[in-house]
Amino acid sequence: MTLYLWFVFFLVMQLVHFLGTWKMYEAAGRKKWEAAIPVYNAIVLMKIIGRPTWWTILLFIPIINLIMFPVIWVETLRSFGKNTTADTLLGIFTCGLYIYYVNYTQKLEYVPNRSLHAQNKTADTLSSLLFAIIVATLVHTYIVQPYTIPTSSLEKSLLIGDFLFVSKVNYGPRVPMTTIALPMVHDSIPFIKQKSYEKWPQLPYLRLPAIEKIQRTDIVVFNWPMDTVYQFFDKSGRHVDKPVDKKSNYVKRCVGVPGDSLSIKDGFVFINGKQLALPERAKPQYSYEVALDGKTPIDFEYLTRELDITDFAGYKNPAARDTIIFSALTEVSAERLKNTPGITAVTRMISKGDDNSIFPHNGKGNMDNMGALYIPEAGKTVALNLQTLPYYKEIIRNYEANDLKVNGSEIRINGEIAKSYTFKQDYYWMMGDNRHNSEDSRYWGYVPENHIVGKPVFIWMSWDTNGKGFNKIRWDRVFSTVDGEGQPQSYFKYFLIILALFFVGDYFWKKRKENKA
């Protein structure tokens, strides 16, 4: 929906509210016109039902308002003596339309000083639970979101089984575009795996102010631009068209920001002609061929454990057993392998030839070698012709919602012949550190700004499925930061010390109060 359509929708909803409540406003000693003034009518309604004025804000926050509307319907009914369970259920399951029935057919007796406290334990529990859901949804949607690493594309920096906190405030909280959705779940309902949202209506893209911009080498969580899979791990081939904010979440490293000229040469990323310098914590990995002399015995189990090698692909020639392929080795590990007795050569594997699966799918380049391409920047204009169109076709047609048609050498955008195109938003280039085991921008291109979710900042738990007993938890990663200088370190012991001090202090504080009493 466009802003104009949302404005019309908003006015219609104000009319609906006015028609259903104006007699109630009068019965509560207010003027009936107060029920018709947008926003002001909500402020007045809070006074009528005896709730704080700041509740009005919650009515205009997407997703949160879905929780608040039923609360307001029930509170409104109770303010006019409709306290039964039947009244509550009718108010909720008619989506508030029961208020119309009360407004026009019942004698309205306003209860100005009704008790706002729960009348029984069940009601008190429900009230507390509802408040907790609202707070949790606010935090999850606009401040910080938990996230789990599902793949090895950022192996060494982030491991499979890392549980992260992803900050929404660093790059600016994105206001949900999908307005009807279950709180605190993504695209599907847990366990039953059914869609958790409705595609209509959709809010226009809006991002609140950020405290920083995305920088090169930042690790970023974003919605996978090309995602149409029914479920993230479903291999059945079923597809569904998802809204932007309900596409699957991916995490990669940003290697190109708006305005950059990016190329890849023999697996190394170059920005504006210079090789991209990665931070110390980044450990890019490549595939290597390791040649053996065939005589010296090698304890590969010990070697892979010692070098923390997680991707042992096997023998290149199983019959000869003279060459081993490692599909994810860091340069440091590769250098150490060269000094191992029995190993005669360690050679980094570089893709040759052209691969049609590589962006922009024109049969030029491969995962290790891509020609220079421009990372689009909002407001910048590029020349448009049959040679440049493959790079920007997805942007023009899908990400920026234009009608694109090509007839021979003629390109038309929204019916007009186009020789150039001006971008409406920024774009980024995302890649995994595990270069030969990562589905990233090399395959599907640019990541639009409106797909950005947030910045991983903290690992609160790390679970190793291959570990045993206490070693299932990677203790050295628990309570560690994602970014920072030097190698990551766990702050878990400091957390335990603070927690112990809190409980000890609380114990002595209570003992002191008891002694005074």
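Coordinates for the structure precede this section.
Let us look at the structure shown here. (Residues numbered from 1 in each chain as written. Predicted model: local features only at pLDDT ≥ 70, side-chain atom pairs only at ≥ 80, totals over all residues. Heavy atoms only, no water.)

## Thoughts on the overall build of the chain
Logical step 1: For the chain, the helix and strand inventory stands at 12 helices and 23 strands.
Logical step 2: Overall, the chain is about 95 × 80 × 40 Å in size when its C-alpha atoms are taken along their principal axes.
Logical step 3: Within the chain, buried positions represent 43% of all 517 residues.
Logical step 4: In the chain, the share of contacts with a sequence separation of at least 24, taken over all contacts with a separation of at least 6, comes to 66%.
Logical step 5: Summing over all exposed atoms, the chain offers an accessible surface of approximately 28000 Å²; the carbon and sulfur share of this is 60%.
Logical step 6: Across the chain, 60 positive and 49 negative side-chain charges occur, with their mean positions spaced 6 Å apart. (Helix = DSSP H or I, 4+ residues; strand = E, 2+ residues; numbered from the N terminus. Buried < 20%, exposed > 50% of the residue type's maximum accessible area, 1.4 Å probe, protein only. Contact = heavy atoms within 4.5 Å. Areas by Shrake-Rupley, 256 points an atom, 1.4 Å probe, with all protein chains shown as cover. Lys, Arg positive; Asp, Glu negative; His and termini not counted. Charge placed at Lys NZ, Arg CZ, Asp CG, Glu CD.)

## What about the pairing of strand 16 (residues 404-407)?
Logical step 1: Bridge analysis of strand 16 against strand 17 (residues 410-413) gives 4 bridges, and the strand direction is antiparallel. By the bridge assignment for strand 17, Asn 407 is matched with Glu 410.
Logical step 2: Two successive antiparallel strands, strand 16 and strand 17, enclose a turn made up of 2 residues, where Gly 408 displays a positive phi of approximately 65°. (Pairing = 2+ DSSP bridges.)

## Considering the pattern of salt bridges
Logical step 1: By the definition in use, this model includes 19 salt bridges.
Logical step 2: A salt bridge links Glu 212 to Lys 455, with the shortest nitrogen-to-oxygen separation between them at 3.1 Å. Of the two residues, Glu 212 is situated in the loop between strand 4 (197-202) and strand 5 (219-223) and Lys 455 in strand 22 (residues 452-462); the sequence distance between them amounts to 243 residues.
Logical step 3: Among the residues examined, Lys 455 registers a relative accessible area of 9% and is labelled buried.
Logical step 4: Linking Asp 483 and Lys 455 is a salt bridge whose minimum nitrogen-to-oxygen distance equals 3.6 Å. Here Lys 455 lies in strand 22 and Asp 483 lies in the loop between strand 23 (480-481) and helix 12 (492-516), a separation of 28 residues in the sequence.
Logical step 5: A single salt-bridge network, built from bridges that share partners, covers Asp 162, Asp 464, Arg 474 and Arg 477. (Salt bridge = Lys/Arg side-chain N within 4 Å of Asp/Glu carboxyl O.)

## Looking at the nonpolar core
Logical step 1: By size, the foremost hydrophobic cluster in this structure holds 29 residues, and its most contacted members are Leu 262, Leu 384, Trp 429 and Tyr 446.
Logical step 2: For this core, the elements supplying multiple residues, two or more each, are strand 7 (261-265), strand 8 (268-271), strand 14 (370-374), helix 10 (389-399), strand 17 and strand 20 (427-431).
Logical step 3: For this core, the element with the most residues is helix 10, which contributes 5 residues.
Logical step 4: Leave out the neighbours within four places in its chain, and Leu 262 touches Val 255, Gly 256, Val 269, Phe 270, Ile 271, Gly 371, Ala 372, Leu 373, Ile 375 and Trp 429. (Core = buried A, V, L, I, M, F, W, Y, C linked by side-chain atoms within 4.5 Å.)

## Let's talk about the packing of helix 4 (residues 64-78) against helix 5 (residues 85-93)
Logical step 1: At a minimum axis separation of 9 Å, helix 4 and helix 5 run at an interaxial angle of 140°. Between helix 4 and helix 5, the crossing angle belongs to the class labelled oblique. Crossing geometry of helix 4 relative to helix 5 is assigned as right-handed. The residues of helix 5 that touch helix 4, namely those facing Pro 70, Trp 73, Val 74, Leu 77 and Arg 78, are Asp 87, Thr 88, Gly 91 and Ile 92.
Logical step 2: Here the contact of helix 4 with helix 5 is composed, by residue class, of 5 nonpolar, 2 polar and 2 charged. (Axes fitted to C-alpha atoms, helices over the stretch in contact; angles between N-to-C directions. Parallel < 35°, antiparallel > 145°, perpendicular 65-115°, else oblique. Left-handed = near helix turned anticlockwise from the far one by under 90°. Nonpolar A, V, L, I, M, F, W, Y, C, P; charged D, E, K, R; others polar.)

## Considering helix 5
Logical step 1: Along helix 5, the positions that sit buried rather than exposed are Asp 87, Thr 88 and Gly 91. Taken around the axis of helix 5, the buried residues stretch over an arc of 100°, which confines them to a single face. In helix 5, the exposed positions that point more than 90 degrees away from the buried face belong to Thr 85 and Phe 93.
Logical step 2: Check the buried side of helix 5 and you find it contacts helix 4 and helix 6 (98-105).
Logical step 3: A positive backbone phi angle near 55° is found at Cys 95, which sits one or two residues after helix 5. (Arc of directions from axis to C-beta.)

## A few points about the side chain of Thr 141
Logical step 1: Position of Thr 141 relative to the elements: it lies in helix 7 (residues 121-142).
Logical step 2: Among the polar contacts listed, one links the side chain of Thr 141 to the backbone oxygen of Thr 137, at a separation of 2.7 Å.
Logical step 3: The contacts of Thr 141, once residues within four sequence positions are left out, are Lys 168, Arg 174 and Pro 176. (Polar contact = N/O pair within 3.5 Å; in protein donor to acceptor, adjacent residues only side chain to side chain.)

## Comments concerning the sheet that holds strand 8
Logical step 1: If you trace the 4 strands from one edge of the open sheet to the other, you get 9-8-7-14, paired in antiparallel fashion. This sheet does not close on itself; its edge strands, each paired only once, are strand 9 (274-275) and strand 14.

## Some thoughts on the packing of helix 1 (residues 3-27) against helix 2 (residues 40-49)
Logical step 1: With their axes 12 Å apart at the nearest point, helix 1 and helix 2 run at an angle of 35° to one another. Relative to helix 2, helix 1 is oriented so that their crossing is left-handed. Facing Gln 14, His 17 and Tyr 25 of helix 1, the residues of helix 2 in contact are Asn 41, Val 44, Leu 45 and Ile 48.
Logical step 2: When the residues that make up the contact of helix 1 with helix 2 are grouped by side-chain class, the tally is 4 nonpolar, 3 polar and no charged.

Scope: geometric values only; no functional claims are made or implied.
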